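Given next are the chains, with one letter for each unit.
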Amino acid sequence: MNENSDGLTTSTTTTTTKATTATTTKTTTTIAAVAATPKPSSKPSPKPTLKPSPNPSPGPTLKPLQRPSQEPTPNPTKKPILGPTPKPQLQPTNLPTEPRTPEPSSPPTPKPTRAPQHVKWYPRGSGGGRECVQGSEYNPSFPSQGWTYETETDCCKAWSLLCGEKEVKWYPTSSNGKQKCVEGNEYPWSFVAAGWLYTTEQKCCNGMNLDCSPPPKKWYPTVVAGVKACVFGEDVPSSLNLQFDSKGECCAAYPLACPTTTTSTTTTTTRPAVVNPKDCQPSSEGKECYWWPEMNMVNWQISCVYSSDWDDAAADHLHSDYDSCYCEYFDC
């Protein structure tokens with residue numbers, strides 16, 4: 001029995017018979033199971049033991065998704081915190097402080113008052129308007145600088161200013177935003193050097209180019225000691241409807257301003273109530289409808305009318321009802 005390299009076992013048996021002298025040799029070939037060798041053979045086999053399969057193996061069990069399961073976040077996430085935050089305490093760490101202090105007992109004390117200063121002569125103003133005056137309202141630093149004096153002459157000499165008694169002169173001033181000429185000696189010393197002092201009002205007005213002509217006097221209604229009256233003077237109202245050239249015109253327009261002393265028997269009749277007309281509409285200028293006094297320039301009589309085209313001069317004499325308008329100018 002021999003075993004070749006292919007794993008085949010050959011058994012040879014020799015049989016001898018008496019009938020013949022010939023010897024017959026019988027060879028039997030047996031295929032035995034080949035066990036896997038623990039190590040590879042020293043020489044490669046002439047052919048592979050197994051042929052590759054004719055077809056490839058089937059595809060993977062699951063196909064990949066067409067889209068990702070979730071879209072990526074636009075920005076990277078923040079860095080993780082180092083550790084979990086501590087749990088909040090159930091109670092405050094410390095007890096509250098003592099009760100709050102009460103409100104202040106009184107407001108703060110005012111600034112200390114400045115000590116009164118001695119009355120002295122001192123310079124006031126600047127430039128051409130500087131003059132020497134007497135009083136105690138000078139700057140607290142003046143005494144240390146030697147700018148306070150015992151007499152007016154000392155102050156004027158130190159500052160090369162005009163001093164002495166001021167003469168009464170006409171000089172320009174302003175009142176309510178309007179320039180005018182007045183007489184007195186309250187002008188500053190700078191007016192002397194400027195040449196703004198005059199002997200008469202007319203010279204002052206001419207020198208300062210001012211209109212000093214007196215305003216025209218007119219008759220106008222007003223209230224004197226709580227009584228309505230027509231008076232003659234310069235303080236006339238700005239409205240032309242309240243200015244008259246004669247007392248008769250003023251009294252005709254305002255009968256209550258000119259009461260008479262004559263008495264007569266009159267019969268009192270009840271004046272019917274006047275209802276506000278309904279056809280009045282606001283004006284294009286936005287004026288509302290009111291009762292207002294309208295002057296008749298022919299007979300100089302006042303009548304109350306209801307409209308929205310009232311004159312601006314009647315803005316202070318507008319009424320919501322007829323009686324109020326009537327009783328403002330006539331006896332009710």
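None of the values given here were measured: they were computed from a predicted structure.

With respect to the overall build of the chain
- The helix and strand tally for the chain stands at 6 helices and 11 strands.
- Across the 332 residues in the chain, those meeting the buried criterion constitute 20%.
- Accessible area of the chain: about 27800 Å², with a carbon and sulfur share of 54%.

Observations regarding helix 6 (residues 322-329)
- When we look at burial in helix 6, the residues that qualify are Y322, C325 and Y329. Buried residues along helix 6 cover an arc of 75° about the axis, so they all sit on one side.

Remarks on the pairing of strand 9 (residues 227-233)
- Pairing of strand 8 (residues 218-224) with strand 9, which is carried by 7 bridges, proceeds in the antiparallel orientation. Note that in strand 9 the partner of P221 across the bridge is C230.
- Hairpin connection, strand 8 to strand 9: the antiparallel pair is bridged by 2 residues, and A225 has positive phi, about 55°.

Quick notes on the side chain of H319
- As for its placement among the helices and strands, H319 is situated in the loop between strand 11 (301-307) and helix 6.
- Owing to a relative accessible area of 16%, H319 belongs among the buried residues under this scheme.
- Contacts of H319, omitting those with residues within four sequence positions, involve Y290, W291, S324, C325 and E328.

Some words on the environment of C304
- Note on placement: C304 falls in strand 11.
- A sequence separation of 11 residues divides C304 from P293, and the C-alpha atoms of the two residues are 4.6 Å apart.
- Leaving out residues up to four positions away in the same chain, C304 has contacts with W291, W292, Y322, C325 and Y326.

Side note on the state of the cysteines
- The final tally for this structure, using the stated rule, is 7 disulfides.
- Here C205 pairs with C212 through a disulfide, and the sulfurs are 1.5 Å apart. Disulfide C205-C212: torsion about the S-S bond near -100°, hence left-handed.
- Among the residues examined, C205 registers a relative accessible area of 1% and is labelled buried.
- There is a disulfide in this structure between C280 and C289, and the S-S distance comes to 1.9 Å. On the sign convention where negative is left-handed, the bridge of C280 and C289, at about -95° about the S-S bond, is left-handed. As far as the burial class goes, C280 and C289 line up, both buried.

Topic: the pattern of salt bridges
- One pass over the full model with this rule turns up 5 salt bridges.
- Measuring nitrogen to oxygen at the nearest pair gives 3.5 Å for the salt bridge that ties E131 to K166. Taken together, the residues E131 in strand 5 (residues 131-135) and K166 in the loop between helix 2 (152-159) and strand 6 (169-175) connect sequence positions 35 residues apart. Of the two residues examined, E131 and K166, each falls in the buried class.
- Note that E285 and K287 form a salt bridge whose closest N and O atoms lie 3.7 Å from each other.
- Here K287 falls in the buried class, since its relative accessible area comes to 14%.
- Three or more residues joined by partner-sharing salt bridges are found here, namely R124, E131 and K166.

Remarks on the nonpolar core
- C230, L242, F244, C250, C251, A253, Y254, A257, C258, M295, I302 and Y329 together form the largest nonpolar core, which totals 12 residues.
- Tallying contributions element by element places helix 5 (residues 247-253) first for this core, with 3 residues.
- Judged by nonpolar contacts, the second largest core, of 7 residues, contains C280, Y306, Y322 and C325.

Considerations on the environment of E201
- Relative to the elements of secondary structure, E201 occurs in helix 4 (residues 201-207).
- By relative accessible area, E201 is classed as partly exposed at 34%.
- The sequence separation of E201 and K180 amounts to 21 residues, and the corresponding C-alpha distance is 9.4 Å.
- Sequence-distant contacts of E201, defined by excluding residues within four places in its chain, comprise W170, C181 and C212.

Observations regarding the side chain of K166
- Of the residues examined, K166 reaches a relative accessible area of 18% and is grouped as buried.
- Apart from residues no more than four positions distant in its own chain, K166 is found in contact with E131, N185, Y187, P188 and W189.

So, the packing of aromatic side chains
- Within this structure, the stated rule accounts for 10 aromatic pairs.
- Look at W219 and F232: their rings are 5.4 Å apart centre to centre, the planes differ by 45°, and that puts the pair in the tilted class. Of this pair, W219 sits in strand 8 while F232 sits in strand 9, and the two are 13 residues apart along the sequence.
- Measuring from ring centre to ring centre gives 5.2 Å for W291 and Y306, while their planes differ by 50°; the resulting arrangement is tilted. One end of the pair, W291, is in strand 10 (residues 290-296); the other, Y306, is in strand 11, with 15 residues separating them in the sequence.
- One aromatic cluster is present, formed by Y122, Y138, F142, W147 and W159 through successive ring pairs.
- The ring of W310 carries the charged tip of K287 above its face, separated from the ring centre by 4.6 Å.

Conventions adopted
- Residues numbered from 1 in each chain as written.
- Predicted model: local features only at pLDDT ≥ 70, side-chain atom pairs only at ≥ 80, totals over all residues.
- Heavy atoms only, no water.
- Helix = DSSP H or I, 4+ residues; strand = E, 2+ residues; numbered from the N terminus.
- Buried < 20%, exposed > 50% of the residue type's maximum accessible area, 1.4 Å probe, protein only.
- Areas by Shrake-Rupley, 256 points an atom, 1.4 Å probe, with all protein chains shown as cover.
- Arc of directions from axis to C-beta.
- Pairing = 2+ DSSP bridges.
- Contact = heavy atoms within 4.5 Å.
- Disulfide = S-S within 2.5 Å.
- Salt bridge = Lys/Arg side-chain N within 4 Å of Asp/Glu carboxyl O.
- Core = buried A, V, L, I, M, F, W, Y, C linked by side-chain atoms within 4.5 Å.
- Phe/Tyr/Trp six-rings, centres within 6.5 Å; stacked < 30°, edge-to-face > 60°.
- Lys NZ or Arg CZ within 6 Å of the ring centre and 35° of its normal.

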